[in-house]
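Understanding the architecture of this molecule
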Amino acid sequence: MAFRPLLTRKTLACAAGLGSNGGIATSFRGLQTFTLPDLPYDYGALQPAISGEIMQLHHQKHHQAYVTNYNKALEQLHDAISKGDAPAVVKLQSAIKFNGGGHVNHSIFWKNLAPIQEGGGEPPKGSLGWAIDNDFGSLDALVQKMNAEGAALQGSGWVWLSVDKELKKLVVETTSNQDPLVTKGPSLVPLIGIDVWEHAYYLQYKNVRPDYLKNIWKVINWKYASEVYEKECP
Amino acid sequence: MGSFSLHASCLAKPKLPWSNDCFQNLNSLKLPALQRRPKFHSRKASKVLAFYGLKSPPYKLDALEPYMSKRLLETHWGEHHHGYVEGLNKQLEKSDILYGHTLDELVKVTYNNGNPLPEFNNAAQVWNHDFFWESMQPGGGGMPELGLLQQIEKDFGSFTNFKEKFIEAALSLFGSGWVWLVLKRREKRLEVVKTSNAVNPIVWDDIPLISLDVWEHAYYQDYKNDRGKYVNAFMNHLVSWHVATARIIHAEAFVNLGEPNIPVA
């Protein structure tokens, strides 16, 4: 649901060789490959909070690499499954988690950002705004909390504002590397994710991650977060 | 002598004679005469009571050009490494339970057998960066010689094989971390090891010979996202086999590698 605009392109199903199998109903999925989603704004549109250089590298190099490697891992997984090669299947899990997670996370991230002219930074209204005040006291308190957790995260990872769709509560979580949010709780739905990998801010902020976190709120797209929230908690 | 603090201003001076060991906090000795003395601070000293110092790399910051730029080293050493030192000292101010360790010991103690204390990240990263600067030299790269080369050939088949393994490890490390050529103490052999974030082989009592920082901050300013180019530049132009040889010679005092037929150059 949150991953709606993932562009997919079906390749030929590997069932070519199964045509002669007669009536055996093998439930076979065609192998889907993924492509890099377009940004809904120019690379330079988020300046000065995030520089155009960073946006371009982040999108065209880093995210593209995750997509490419995810497709590769999926293909290898497909082969391993059809050969029944269990050790190979298990071995591929970390590549899938990392690259697939990278693709999932960044696809959400681009939608979490918007140029100031298009509403970036405008505080949330409606039910999400109320929920934030309810669960954190105020938007400022939420921002402080997320910034603190983001700054304290060691190494690479993400800091998330999410809604627990079972408990109907807002939750701030962090994940390491490219682990998707579901690894922290199966009922967590991401609303806002902030990439705190060094590549997300280094060229502009160097090692001063707290400055990056302070500034990124100016281009956060609360409209999208509200939409996702209202879908989970109508 | 009162307690004293180090600051970046010390770095302009020639390398200090003491190593990166801990300076005892003299206030805890409860000697009134010493406690009443004024604290000596240089004018630019930080307010932190320092326990560990920032070691300078054994070369000038522009010496590794063009493979590692001066600008990158200024940020990596002057901001990141320095930040870890200051962070560690600030944490140690809070209580004296961790006082009295050498940096090596502090890393192992704070690792706490896999359940790291909050000080581990800073302590280990200080250690890791000290080790990393020393693993490189201007005009590095090439191949090791004599005994170290023999050991590599014994444990990897060939130097080329080792180099491939090392590069592959660096490229396949997800997230932030380090790649090491390590002498495993129990297995008595060399291995290539990947670690995440701040972890390093000394917490398992192994002996590292060289390391490569693959946190993004280690290469982003020079190579952007092209980690492969960075790793190759390291292997071909920066890695110091002289230092690695010195380290393995030292290690042989503790690990019996079989025929000790390694000529000291």
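Quick caveat: nothing in here was measured; it's all calculated off a predicted structure.

Looking now at the overall build of chain B. The secondary structure content of chain B amounts to nine helices and three strands. Here chain B holds 265 residues, and the buried ones make up 51% of them. Excluding contacts between residues fewer than 6 apart, the proportion of contacts in chain B whose partners are at least 24 apart in sequence is 72%. Carbon and sulfur atoms form 53% of the exposed surface of chain B, whose accessible area is close to 12,800 Å².

Listed as interface residues are 18 residues of chain A and, on the opposing side, 15 residues of chain B. Carbon and sulfur atoms make up 56% of the surface buried where chain A meets chain B, a total of about 1,700 Å² over both sides. Mapped by element, the contributors of at least two residues to the side of chain A that touches chain B are α1 (52-83), α3 (93-112) and α6 (202-205) of chain A. Broken down by element, the side of chain A that touches chain B gets its largest block of residues, four residues, from α1(A). Among the residues forming the side of chain A that touches chain B, the class breakdown is six nonpolar, eight polar and four charged.

The next point concerns the nonpolar core. Core analysis: the largest hydrophobic core is formed by 74 residues, its most contacted members being Phe162(B), Leu212(B), Tyr230(B) and Trp241(B). The greatest single-element share of this core, amounting to eight residues, is contributed by helix α4 (residues 120-134) of chain B. Membership of the second largest hydrophobic core comes to 51 residues, among which are Tyr66(A), Leu113(A), Leu153(A) and Val196(A).

Within helix α8 (residues 227-238) of chain B, burial applies to Arg227(B), Gly228(B), Tyr230(B), Val231(B), Ala233(B), Phe234(B), Met235(B) and Leu238(B). As for α8(B), its buried residues are in contact with α4, α6 (159-172), β3 (207-213) and α7 (220-223) of chain B.

Now for the packing of helix α5 (residues 146-156) of chain B against α6(B). Residues and elements named next belong to chain B. In the contact formed by α5 and α6, the axes pass within 8 Å of each other and the chain directions differ by 70°. If you check the angle between α5 and α6, you find them roughly perpendicular. In this structure, α5 contributes Leu149, Ile152, Glu153 and Phe156 to the contact, and α6 contributes Phe159, Asn161, Phe162 and Lys165. Partitioned by chemical class, the residues of the contact of α5 with α6 number five nonpolar, one polar and two charged.

All names here are of chain B. Summed over the entire model, instances satisfying the criterion amount to 14 salt bridges over all chains. Notably, a salt bridge pairs Lys70 with Glu74, separated by 3.8 Å at the nearest N-O pair. Of the two residues, Lys70 and Glu74 are both situated in helix α2 (residues 70-92); the distance of four residues between them amounts to about one turn of the helix. Take Glu74: its relative accessible area is 39%, and that puts it in the partly exposed class. The structure contains a network of salt bridges with shared partners spanning Lys55, Glu134 and Arg247.

Residues and elements named next belong to chain B. Strand order across the open sheet formed by three strands is β2-β1-β3, with antiparallel pairing between neighbours. At either end of the open sheet lies a strand with only one pairing partner, and these are β2 (189-196) and β3. Across this sheet, the average inter-strand angle for adjacent strands is 20°, counted without regard to direction.

Before going further, it helps to spend a moment on the confidence of the model for chain A. Interpreting fine coordinate detail is not advised for predicted regions of low pLDDT. Looking at chain A as a whole, the pLDDT averages 88, with 87% of positions reaching at least 70. The model gives residues 1-28 of chain A a pLDDT under 50, and that stretch makes 33 contacts with residues more than four places away or in other chains.

This part takes up the layout of surface pockets. One number sums up the size of the largest pocket: a volume of about 850 Å³. Only α1 and α3 of chain A together with α6 and α8 of chain B provide two or more residues apiece to the lining of the largest pocket. If one sorts the elements of the lining of the largest pocket by residue count, α1(A) sits on top with seven residues. Looking at side-chain class alone, the lining of the largest pocket contains eleven nonpolar, ten polar and six charged residues.

Reading guide: rules and limits
Residues numbered from 1 in each chain as written. Chains lettered and ligands numbered in written order. Predicted model: local features only at pLDDT ≥ 70, side-chain atom pairs only at ≥ 80, totals over all residues. Heavy atoms only, no water. Helix = DSSP H or I, 4+ residues; strand = E, 2+ residues; numbered from the N terminus. Buried < 20%, exposed > 50% of the residue type's maximum accessible area, 1.4 Å probe, protein only. Contact = heavy atoms within 4.5 Å. Areas by Shrake-Rupley, 256 points an atom, 1.4 Å probe, with all protein chains shown as cover. Buried area = accessible area lost by both parts, 1.4 Å probe. Nonpolar A, V, L, I, M, F, W, Y, C, P; charged D, E, K, R; others polar. Core = buried A, V, L, I, M, F, W, Y, C linked by side-chain atoms within 4.5 Å. Axes fitted to C-alpha atoms, helices over the stretch in contact; angles between N-to-C directions. Parallel < 35°, antiparallel > 145°, perpendicular 65-115°, else oblique. Salt bridge = Lys/Arg side-chain N within 4 Å of Asp/Glu carboxyl O. Pairing = 2+ DSSP bridges. pLDDT = per-residue confidence, 0-100. 1 Å grid on protein atoms, 1.4 Å probe; cavity = no way out; pocket = protein on both sides within 12 Å on 5 of 7 lines; lining within 4 Å. Points joined across faces, edges and corners; volume = space filled by probe spheres on them.

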